[in-house]
Amino acid sequence: MKVTKYSGNGNDFVIFIAQEKADRSELARKLCHRQNGVGADGMVVVLPHHQYDFEWEFYNADGSVADMCGNASRCVAHFAHEKGISKNGVSEFLTGAGVIRATINGVYVVSDMVAPKIINTNIQEDGETWWLIDSGVPHLVVIRENIEHFDIEQARRLRHNYNANVNICKYENETLYVRTYERGVEDETLACGTGMVACYIRHHKEGMLEGQVRVQPKSGDELYISYENGVYRFGGKVTKTFEAEVFDI
Ligand SMILES: N[C@H](CCC[C@H](N)C(=O)O)C(=O)O
């Protein structure tokens with residue numbers, strides 16, 4: 001089978017086209033395996049759809065299904081545009097969280113995110129106040145003065161207790177710095193789009209920022225998030241790293 005590898009600022013994905021929906025959890029585990037497979041944080045399957053350019057299946061590296069993935073939405077929008085599945089610089093596709101509209105301008109892709117749900121703004125854990133925000137998938141968010149150290153054991157515990165991704169973040173010098181422990185990868189990733197958006201939303205709701213903001217994930221790449229006319233937009237460069245024929249896996 002032919003697969004295409006993309007990186008969304010360090011959050012990486014294996015993408016391929018299929019004709020039928022299926023349970024591809026085992027395939028995702030194999031393809032995403034860093035030694036025995038292609039290696040990725042997630043897998044995206046592009047399927048035909050009668051109304052939208054396509055529909056997707058998204059799997060985390062551990063084979064679990066997730067409704068949405070911000071970085072994968074930007075990568076798959078570029079993939080679909082390159083393959084002629086979508087046209088005119090726009091990809092509109094169906095995800096588990098709803099319809100995503102992404103605009104492609106060279107390698108810079110901007111996804112219009114689904115309307116978020118703020119589930120809880122007063123979760124007390126280890127003396128800190130966390131928010132639980134669903135920005136397509138659930139995210140715990142805490143704001144800290146210093147995010148140099150990321151307590152992965154604490155993140156893992158919270159991930160399991162709340163079945164959510166876990167984010168620490170700070171807004172400094174007009175840049176939102178975000179680190180994310182990702183559900184389904186079960187470790188910190190170099191970038192997490194819905195996590196960055198969830199961190200933007202908490203800062204925005206608390207009046208700590210507004211408009212278009214530069215966001216920097218663990219990878220150090222530069223992305224931008226804005227809130228315009230009731231829509232959170234998430235943009236950044238995508239990288240098509242290679243296409244390959246997968247034989248035995
Ligand atoms: N691991 C997430 C899905 C991928 C989210 C992330 N890669 C992004 O860019 O939004 C979850 O299971 O909720």
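Coordinates for the structure precede this section.
Residues numbered from 1 in each chain as written. Predicted model: local features only at pLDDT ≥ 70, side-chain atom pairs only at ≥ 80, totals over all residues. Heavy atoms only, no water.

Novice: Got a minute to help me understand the pattern of salt bridges in this structure?
Specialist: Pairs can form between side chains of opposite charge once their charged atoms are near each other. Under the criterion given, the structure shown has 19 salt bridges. As a salt-bridge pair, Asp126 and Arg157 come within 2.7 Å of each other at their nearest N and O atoms. Here Asp126 is found in the loop between strand E8 (117-125) and strand E9 (128-134), whereas its partner Arg157 is found in helix H3 (residues 152-162), with 31 residues between them in sequence. Take Arg157: its relative accessible area is 34%, and that puts it in the partly exposed class. Each of Lys5, Asp12, Arg34 and Asp41 takes part in one network of salt bridges that share partners. (Salt bridge = Lys/Arg side-chain N within 4 Å of Asp/Glu carboxyl O. Helix = DSSP H or I, 4+ residues; strand = E, 2+ residues; numbered from the N terminus. Buried < 20%, exposed > 50% of the residue type's maximum accessible area, 1.4 Å probe, protein only.)

Novice: Even after reading the chapter, I still don't get unusual backbone geometry, so can you show me in this structure?
Specialist: Negative phi values dominate among residues other than glycine, just as trans dominates among peptide bonds. A positive phi angle, near 60°, is found at Asn9, a position not held by glycine. One can find Asn9 in the loop between strand E1 (2-8) and strand E2 (11-17). Positive phi is not limited to glycine here, since Asn163 has a value of about 45°. Mapped onto the fold, Asn163 is located in the loop between H3 and strand E11 (165-172). Overall, Asn163 belongs to the partly exposed group, its relative accessible area being 42%.

Novice: How do you make sense of H3 when you look at a structure like this?
Specialist: Listed in full, the buried residues belonging to H3 are Gln154, Ala155, Leu158 and Arg159. Seen from one end, H3 has its buried residues packed into an arc of 135°, which puts them on one side. The outward face of H3, more than 90 degrees from its buried face, is lined by the exposed residues Glu153, His160 and Asn161. If you follow the buried residues of H3, they end up packed against E8, E9, strand E10 (138-143), E11 and strand E12 (175-182). At the N-terminal end of H3, a side-chain oxygen is found 3.1 Å from the backbone nitrogen of Glu153, two or three residues along, and the residue is Asp151. Of the residues trailing H3, Asn163 is marked for its positive phi of about 45°. (Arc of directions from axis to C-beta. Contact = heavy atoms within 4.5 Å. Polar contact = N/O pair within 3.5 Å; in protein donor to acceptor, adjacent residues only side chain to side chain.)

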